[in-house]
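# Coordinates in review
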Amino acid sequence: MFNKLNSFEKLMLNLNCIKYCLIHKLYLIIIMSSMCLLVADDIILEGTPETSPGCTVYRATVMPGETYSNVYGVRDNTDSTSYGEVTITEGTVTGTVYGCRAISGDDLTKASCNKVNIVDSTVGTVYGGYAYGGSHNASVHQNIVSITGGSVTMYVYGGNADGSTLSVTGNEVTINHASVGKTVYGGCAFNTSSWLSMLRNKVTINGGTVNGSVYGGYANGSATASNNNTVTIDGGAVIKGAVYGGYALSSNSDAKNNTVFIKDGTLNSHIYGGIGRNATGNTVVLYGGDLTQADLYGYSDGRKSHSNNTLEVWGSNISIRSAQNFENYYFIVPEGMVNQADRYMLRAATPVNLSGTNVGVAMQNGTTLNIGDRINLIDKTEGTPTWVSLVGKE
């Protein structure tokens, strides 16, 4: 809707005159002066509608060198057949980028199937889709955010919902060699007075730095479920905050079947498969990385119930600070680990307590073991586990 102001202009006004001026499609307020320098209140870009069969797509594009305060694919959307696409290349957005912002008092507010693609740019906060339902329901589904290079000074949300009964499903964030000032959420929802469902959201960090935490799914409400969410850290990424596959905060909450993959990177805090009053089937998978300052958890302490939370180790000589709250420790052994006295799959600064846990071993790539072969799994342990078969896991 509003384009960039290319230059400031001087306007001569009569004394005590108040005018609303539209210059270069910029909304301005000039107040009570005989001579004023034109000052920008907001430099806002909104998407241009393009009609496709069955829907309308609003596209907003920021070109190299352009600067805006806020950018919207779709702004204040109330139409479930409208979608936003935002592309920013070598530009600057000092405020917020929305693929779609939906604010409505209707029974259901939706922000779904929107896309944001940012390349080598500097922006404030990013939302793939945001829906505010107030006392009503809101859903945020299948929004996609991709950020390559550049920096986000604040937060990144694949999808974010605020309302009564909420559904946040299938949102994705991918960050490639960019820096983020605060926290990254695949899906996020809070302030719900009823049921909140947080499902199948995904975050992939491939290189770059995140100065806050990373959540596959974050749910905060009276009754919540954060299930089947995924976080992947790779490409030498540096994560300074904690990493959560799924997070559900309430007295009646589920965190089930969430997964964190650590392939390559430096993590300096806690890593959780899932946090919820009922934590089941959450998994942390290790391939490599610098985890010397990381504490690994299948679930957090003080849970109402927990079962089948798993630490899987696929790499070798991975150093961690500690590992706890896993029912299962599975080791998928790579080639070259057999009969290597100085190599361990996992090295822990604090002994890992294996009492009451299951430990299983499988060989990668069909490697065959002979009687008397030895594989070192963990360098420091205490307690006695139950050994289980991992046939078919390799």
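Residues numbered from 1 in each chain as written. Predicted model: local features only at pLDDT ≥ 70, side-chain atom pairs only at ≥ 80, totals over all residues. Heavy atoms only, no water.

## A closer look at the overall build of the protein chain
For clarity, the cut-off: Numbering of helices and strands runs from the N terminus, with a helix taken as a DSSP run of H or I at least four residues long and a strand as a DSSP run of E at least two residues long. Only protein chains enter the area calculation, which uses a 1.4 Å probe; residues under 20% of their type maximum are buried, those over 50% are exposed, and those in between are partly exposed. In short, Shrake-Rupley with a 1.4 Å probe defines the accessible areas, and a residue's cover is counted only from the protein chains shown.
When its secondary structure is counted, the protein chain shows zero helices and 42 strands. Burial status across the protein chain gives 53% buried among its 394 residues. Surface exposure of the protein chain reaches about 16500 Å², of which carbon and sulfur atoms provide 47%.

## Observations concerning the pairing of strand E28 (residues 259-262)
Remark: a regular strand shows side chains that alternate across the two faces of the sheet. Rules: Here, a strand pair is defined by DSSP locating no fewer than two bridges between the strands.
Sheet topology places strand E24 (residues 230-234) next to E28; four bridges connect them, and they run parallel. Residue pairing for E28: Thr-230 is matched across the bridge by Thr-259. The sheet contact formed by E28 and strand E32 (residues 283-286) spans four bridges and is parallel. Note that in E32 the partner of Ile-262 across the bridge is Leu-286.

## Focus on the nonpolar core
So the rule is basically this: In this text, buried Ala, Val, Leu, Ile, Met, Phe, Trp, Tyr and Cys residues form a nonpolar core when linked through side-chain atoms within 4.5 Å. Every residue pair with non-hydrogen atoms within 4.5 Å of one another is taken to be in contact.
Val-184, Ile-271, Leu-286, Leu-296 and Leu-311 are the most contacted members of the largest nonpolar core, which totals 62 residues. Per-element accounting of this core gives the leading share, four residues, to strand E20 (residues 172-180). Other than its neighbours up to four places away in sequence, Ile-271 contacts Val-243, Val-260, Ile-262, Val-284, Leu-291, Ala-294, Asp-295, Leu-296 and Tyr-297. With 16 residues, the next largest nonpolar core counts Tyr-98, Tyr-127, Tyr-157 and Cys-188 among its residues.

## What about unusual backbone geometry?
Of note, Arg-200 is a non-glycine position whose phi angle comes to about 55 degrees, a positive value. Mapped onto the secondary structure, Arg-200 falls in the loop between strand E21 (184-199) and strand E22 (202-210). In this structure, Asn-339 is a non-glycine residue whose phi angle is positive, near 60 degrees. Summarising the element assignment, Asn-339 is placed in the loop between strand E37 (328-333) and strand E38 (346-348). Residue class for Asn-339 comes out partly exposed when judged on its relative accessible area of 44%.

## Section: the environment of Ala-349
Take Ala-349: it is sitting in the loop between E38 and strand E39 (352-353). Residue class for Ala-349 comes out exposed when judged on its relative accessible area of 53%. The spacing of Ala-349 and Thr-292 is 57 residues in sequence and 8.0 Å in space, taken between C-alpha atoms. Those residues in contact with Ala-349 that lie beyond four places of it in its chain are Ile-320, Arg-321 and Lys-380.

## Concerning the packing of aromatic side chains
Keep this limit in mind: In this scheme Phe, Tyr and Trp rings, the latter by its six-membered ring, pair at centre separations within 6.5 Å, and the angle between planes marks the pair as stacked below 30 degrees, edge-to-face above 60, and tilted otherwise. Consider the ring centre and the ring normal. A charge sits over the ring if Lys NZ or Arg CZ is within 6 Å of that centre and within 35 degrees of that normal.
Evaluated as defined, the whole model comprises 18 aromatic pairs. With a centroid separation of 5.2 Å and 5 degrees between ring planes, the pair formed by Tyr-244 and Tyr-272 is classed as stacked. Of this pair, Tyr-244 sits in strand E26 (residues 243-249) while Tyr-272 is found in strand E30 (residues 270-275), placing the two residues 28 residues apart along the sequence. For the pair shown, Tyr-244 and Tyr-272 are each scored as buried. Just above the ring of Tyr-98 sits the side chain of Arg-101; from NZ or CZ to the centre is 5.7 Å.

## Details of the pairing of E20
Note: strand E16 (residues 144-148) against E20, five bridges, orientation parallel. Bridge pairing in E20 links Ile-147 to Ile-175. Pairing between strand E17 (residues 151-152) and E20: two bridges, direction parallel. Across the sheet, the residue bridging to Ser-151 is Ser-179, located in E20.

## What to know about the pattern of salt bridges
Our working rule: By salt bridge we mean one thing: a side-chain nitrogen of Lys or Arg within 4 Å of a carboxyl oxygen of Asp or Glu.
With the rule as written, the count across this model stands at five salt bridges. Between Arg-59 and Glu-85 there is a salt bridge, with the nearest N and O atoms lying 3.2 Å from each other. Linking Arg-59 in strand E7 (residues 55-62) with Glu-85 in strand E10 (residues 82-89), this pair joins segments that are 26 residues apart in sequence. For Arg-321, the salt bridge is made with Asp-295, and the minimal N-O distance between the two is 2.8 Å. Separated by 26 residues along the polypeptide, Arg-321 in strand E36 (residues 318-324) and Asp-295 in strand E33 (residues 291-297) bring together distant segments of the chain. By relative accessible area, Arg-321 is classed as partly exposed at 31%.

Any link to function would need more than the numbers given here.
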